[in-house]
Amino acid sequence: MKVLKFGGTSVGSVQSISTLIEIVKQEKTGGNPVVVLSAMSGVTNLLTAMAAKAEQGEDYSDDLKHIEKRHFDVIKALLPASAQNPVLTRLKIYFNELEDLLQAVFNLKELSLQTRDLILSYGERCSTAMVSHIANKHFEGSLFVDGSELIKTNSDFGSARVDTELTERLITAFYREHQDRVLFVTGFIASNAQNRVTTLGRGGSDYTAAVWAAALHASEIQIWTDVNGMMTADPRMVSKAFPLAELSYTEAMELSYFGAKVIYPPTMIPAFLKKIPIVIKNTFDPGFAGTFIKNDVRPSSLQIKGISSIDQISIINLSGSGMVGKTGFSGRLFSLLSREQINIVLITQSSSEHSITFAVKPEDAVRAVGLISKEFELELEARKLDLPEVENDLSVLAIVGENMRHTPGMSGKLFHALGRNGVNVRAIAQGSSEYNISVILTRGDLSKAVNAVHEAFFSDLKRTLNVFCLGTGNIGKTLFRQLREQSPFLDKNNDLQVKVIGMANSRLMHFDEQGIALNKWEEVLTGHGEPANLEQFVKRMKAFNLPNCVFVDNTASEAPIAYYQGVLASSISVVTCNKIGNSGTLEQYSSFKDTARRFGVDFFYETNVGAGLPIIKTLKDLMLSGDKLSRIEAILSGTISFIFNNFKGEHDFAAIVREAQEKGYTEPDPRDDLNGKDFMRKMLILARDAGYPMEAADVQIENILPDSCLHADTVAEFYEELVKNRGYFERLKAEAEGSGRVLRYIGKLENGVVRIALEMVNESHPFYMLSGSDNIISFTTERYKDRPLVVKGPGAGAEVTAAGVFADIINVGHSL
Ligand SMILES: NC(=O)C1=CN([C@@H]2O[C@H](COP(=O)(O)OP(=O)(O)OC[C@H]3O[C@@H](n4cnc5c(N)ncnc54)[C@H](O)[C@@H]3O)[C@@H](O)[C@H]2O)C=CC1
Ligand SMILES: N[C@@H](CC=O)C(=O)O
Ligand code: NA
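Residues numbered from 1 in each chain as written. Chains lettered and ligands numbered in written order. Predicted model: local features only at pLDDT ≥ 70, side-chain atom pairs only at ≥ 80, totals over all residues.

(A) Structural detail: the overall build of the protein. Within the protein one finds 28 helices and 29 strands. Here the protein, with 816 residues, has 46% of them falling under the buried criterion. Long-range pairs, those at least 24 residues apart, make up 73% of the contacts in the protein with a sequence separation of at least 6. (Helix = DSSP H or I, 4+ residues; strand = E, 2+ residues; numbered from the N terminus. Buried ≥ 20, exposed ≤ 12 C-beta atoms within 10 Å, placed from the backbone. Contact = placed C-beta atoms within 7 Å.)

Quick look at the structure:
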């Protein structure tokens, strides 16, 4: 036989009670089950509140009417009028008794624990009487059992301890007489030797089910609740948490010890001792398999089973020379705390024995310090012990699972996920069972930490990158389109989801923690955006405190650069196509790299050189593998490349520049390309990446423009000057064409000298054959000595640049 227990939500409404009846019907086929019921959801809390009101002399009559109505409404909806009378009468008697009790408390202004237990017992009595009557319609002879008479306890009202032997005897005898009927038993309530009603404390109805199951050697306990079983993490905190199919008893205990709300583990001990499997099922999704908790679980591929947490704890730190080598110190400490009923959540001790740290509930911290100070008064006076220090507003996070025992690297993974997301760990404890590793961290980081750790361990699940983007221009908007178009691909092939949580341009900014819909970001930003403010943008991004964050700079502005370092130092990776940062002072360039390294996050800027072409990465790989660079030769201005590739025959120079701008090859201000600044930045960044400590002024630039063009005050004037200087460009072209050569603007790095100059090259030169916005770079190194390593392809344009930014973002995802 099975014991079925239904929680408050399962007896909370007409709908759920109808489902309950269906479930019992199905389970009945394998023999009559024992059905244990909780009070209707919310009723126990309300009864507690009513008792407190009565004690204070306040009016509780509305609450009483409310409880009565909830029960009567269900009865009227589920039973025909002709069948309602007996159960309405029964409940009416209960409500009268309850009213008398509350009136007595009201008169006396006194509420003992014993009286409170009696008042609370009406919750289970009413719900169970009600459901058993309704069930009678479906299973003839179903029986309402006031279980308080069968479970015998001591007199610790509020949380009484069961007399197992006597209880089992009473239950077995009762069952033997009634096993031909479906029994509906009140959960939670019991009685002492004087037959006064007691309650079983937290999780009491589960306990009732376990006690009955143990007494009757049930084949299974089903706990029917409103979730799909025990989850890998608290679903309110981790949206990707999922239900676990199987858990061992130990895992279930460890997982729910830290706050999982589904079952309260001590209540399961009777089932655990008799190896009775427990199944957690969802009344609102009865077809779902739920979670099996049993002894012999099948081997699982999951590295851990779940993450549990306690939202708020305090830690107390004790240190001092008096503790070193003193046997009995911790014995004294912990027996003191246990004597005073202070529950220790976790303990760590340094191997030097110089300090000991333990965690307690916040409400116990001050009392614990007081007790310790008194107990160790002499040691404190003699300075052998320092005053205990308390730290508040902390949380505990624990990873749980039996597989951890056999798998090295579990703590490495845990701490990588935490470290990478800037979560500082205050204390660590690993149970010697190795079923559990617990860490203490700042409370404000808990949600981020649980999510990051969940992603790290359940890597089969999609990882999420939370992205904050500056710039919605040429590159920014193309990136959004690519992200939108590629989202199904990423999902399927990379198990990766990129959410744009924040975006800003120079006018507006907008945030959405669920991710901004990229098919209508423009409407959203214009319709809901607030005035842009870079400082606020960065502040808000940090305040979200999300895991796996990336800050993307798609502007051509100086303004965001000042924030890079602070962003990296907040453990947020930076991806940028904006070259201004890396081509500023050498000190600034180095500080980005150092900060990223120090905080274990990424700083990616592939598109700073050659747009999406793998140039930065190639150089990095050469350097990392110990190759020695002897020379770089490159064309790295897509704009100028395009101009010279098209400046042929009748074509006009100014018109081609305009075309390059229209095609999105130029910088927002095309003068930055034609005056060589953009190319200079790229050569400087490459030289720095190659290990040369250079400043911008060290790059020698030969201009391709006449002076008047260089000094144009506006872009319009610039174009006018280009037109005026037509003759100059025509002469250049004629000279090149006349000698069978082409114009090339080439940058070189050799012997620590960087120089960019205009050259005319013939067809024997490797840079002769280029088209469109092609960039080309050749690396001559110790390994690539005779024939250089060459990278060539389109080096400008929104599509290829956004693709490069995209790839950098994904690479952040891969290094998680
Ligand atoms: N066009 C290309 O082929 C390549 C471009 N890049 C780089 O891409 C970057 C962006 O270029 P485009 O998209 O063409 O520029 P754009 O002028 O079209 O867009 C720039 C965007 O940045 C925004 N913005 C400017 N200041 C801002 C601030 N303080 N806060 C927030 N947003 C701000 C603007 O409102 C605009 O949305 C530049 O740094 C450029 O060097 C890099 C490689 C290739
Ligand atoms: N404006 C740049 C774009 C790439 O960085 C260029 O023309 O190369
Ligand atoms: Na590149």
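(B) Representation of the nonpolar core. With 136 residues, the main nonpolar core has V35, F184, W212, A213, I221, L397 and V453 as its most contacted residues. Element by element, the count of residues in this core is highest for helix α5 (residues 113–136), at ten residues. Setting aside residues no more than four positions away along its own chain, F184 makes contact with V35, L37, T128, V131, S132, A135, S142, L143, F144 and V145. Core analysis: the next-biggest nonpolar cluster, separate from the first, contains 101 residues, I501, F647, L674 and M680 among them. (Core = buried A, V, L, I, M, F, W, Y, C linked by C-beta atoms within 7 Å.)

(C) Seen up close, the environment of D460. Mapped onto the elements of the fold, D460 is located in the loop between α14 (446–457) and β17 (463–470). On the neighbour-count criterion, D460 (9 C-beta atoms within 10 Å) is exposed. Linking D460 and D495, residues 35 residues apart in sequence, is a C-alpha distance of 7.5 Å.

(D) Up close: helix α17 (residues 534–544). When we look at burial in α17, the residues that qualify are F537, V538 and M541. Summarising the axial view, the buried residues of α17 lie within an arc of 90 degrees, below the 170-degree limit, and thus occupy one face. For α17, exposure combined with an orientation more than 90 degrees from the buried face picks out E535, K539 and A543. Where α17 is buried, its residues contact β17, β18 (496–504), β19 (508–511), β21 (549–553) and α18 (561–569). Count one or two residues on from α17 and you reach N545, which has phi positive near 50 degrees. (Arc of directions from axis to C-beta.)

(E) Structural context of the sheet that holds strand β13 (residues 355–360). In space, the six strands of this open sheet follow the order β12-β13-β11-β14-β16-β15, with antiparallel pairing throughout. At either end of the open sheet lies a strand with only one pairing partner, and these are β12 (344–349) and β15 (425–430). On average, adjacent strands in this sheet sit at an angle of 30 degrees to one another, irrespective of strand direction. Pairing geometry for strand β11 (residues 306–319) and strand β14 (residues 389–400), over nine bridges, is antiparallel. Across the sheet, the residue bridging to I316 is V390, located in β14. (Pairing = 2+ DSSP bridges. Axes fitted to C-alpha atoms, helices over the stretch in contact; angles between N-to-C directions.)

(F) Highlighting the site of ligand 1. Close to ligand 1 lie 31 residues; G471, G473, N474, N505 and T555 are nearest. With three residues, helix α15 (residues 474–494) is the single largest residue contributor to the shell around ligand 1. Here the shell around ligand 1 is composed, by residue class, of 13 nonpolar, 16 polar and two charged. Looking at the shell around ligand 1, you find at least three residues from each of domain 2 (463–611 + 806–814) and domain 3 (616–796). (Near = placed C-beta within 6 Å. Nonpolar A, V, L, I, M, F, W, Y, C, P; charged D, E, K, R; others polar. Domains from an automatic or database assignment.)

(G) Representation of the site of ligand 2 within the structure. As a matter of local geometry, ligand 2 sits amid A611, S637, G638, T639, Y665, T666, E667, D673, D678, G795 and A796. Class assignment for the residues of the shell around ligand 2 results in three nonpolar, five polar and three charged.

(H) Representation of the environment of P560 in the model. Of note, P560 is situated in the loop between β21 and α18. The class for P560 is buried, based on 24 C-beta atoms found within 10 Å. Along the backbone, P560 and E535 are 25 residues apart, and their C-alpha atoms lie at a distance of 9.0 Å. Not counting residues within four places of it along the chain, the set of residues in contact with P560 comprises L470, L534, D553, T555 and N578.

(I) View of the domain arrangement of the protein. Here the protein is partitioned into domain 1 (2–226), domain 2 (463–611 + 806–814) and domain 3 (616–796). Each of domain 1 and domain 3 has a C-alpha centre, and the two are 83 Å apart.

(J) Spotlight on the sheet that holds strand β7 (residues 220–225). With mixed pairing, eight strands are arranged side by side in an open sheet as β3-β4-β2-β1-β7-β9-β10-β8. With partners counted over all chains shown, the strands left at the sheet margins are β3 (143–145) and β8 (246–248), one partner each. Each neighbouring strand pair of the sheet contributes to a mean axis angle of 20 degrees, computed without reference to strand direction. Across four bridges, strand β2 (residues 34–37) lies against strand β4 (residues 183–186) in parallel orientation. Counterpart to V36 in the pairing with β4 is V185. Contacts between helix α1 (residues 14–28) and the sheet are confined to β1 (2–6), β2 and β7, with β1 contributing the most and set at about 175 degrees to the helix.

(K) Examining the pairing of strand β16 (residues 436–442) more closely. Taking burial as the measure, the seven residues of β16 include six buried ones, the bulk of the element. Where β15 lies against β16, five bridges are found, and the strand directions are antiparallel. Residue pairing for β16: A429 is matched across the bridge by S438.

(L) Broad picture of the packing of helix α3 (residues 61–78) against helix α4 (residues 81–108). Two elements in contact, α3 and α4, have axes separated by 11 Å at closest approach and are oriented at 170 degrees. Considering the angle they form, α3 stands roughly antiparallel to α4. Residues L64, E68, H71, F72, I75 and K76 of α3 pack against Q84, V87, L88, L91, F95 and E99 of α4. Residue composition of the contact of α3 with α4, by class: seven nonpolar, two polar and three charged. (Parallel < 35°, antiparallel > 145°, perpendicular 65-115°, else oblique.)

(M) Local environment of unusual backbone geometry. Although it is not a glycine, Q341 adopts a positive phi angle of roughly 60 degrees. Tracing the chain through its elements places Q341 in the loop between α10 (329–339) and β12. A residue is classified by how many C-beta atoms lie within 10 Å of it, and Q341, with 8 of them, is exposed. At R383, a residue that is not glycine, the phi angle is positive and equals roughly 60 degrees. With respect to the element layout, R383 can be found in the loop between α12 (377–381) and β14.

(N) Highlighting helix α19 (residues 586–598). With 13 residues, α19 extends 18 Å from end C-alpha to end C-alpha; this agrees with the ideal 18 Å at 1.5 Å per step. Looking only at α19, the buried set comprises Y589, F592 and A596. Summarising the axial view, the buried residues of α19 lie within an arc of 60 degrees, below the 170-degree limit, and thus occupy one face. Those residues of α19 that are exposed and aimed more than 90 degrees away from the buried face are E587, S590, R597 and R598. Just past α19, the residue G600 takes up positive phi, approximately 65 degrees. (Expected span 1.5 Å × (residues − 1).)

(O) Region of the structure containing the confidence of the model for the protein. Model confidence for the protein is summarised by a mean pLDDT of 93, while 98% of its residues fall at 70 or above. Here the complex is predicted with pTM 0.77, and the ipTM for its interfaces comes to 0.99. (pLDDT = per-residue confidence, 0-100.)

(P) Fine view of the environment of A190. In this fold, A190 is placed in strand β5 (residues 189–191). Spatially, the C-alpha atom of A190 lies 60 Å from that of K520, the residues being 330 residues apart in sequence. Non-local contacts of A190, meaning those with residues more than four positions away in its chain, are made with S148, I151, K152, T153, A160, V162, T198 and L200.

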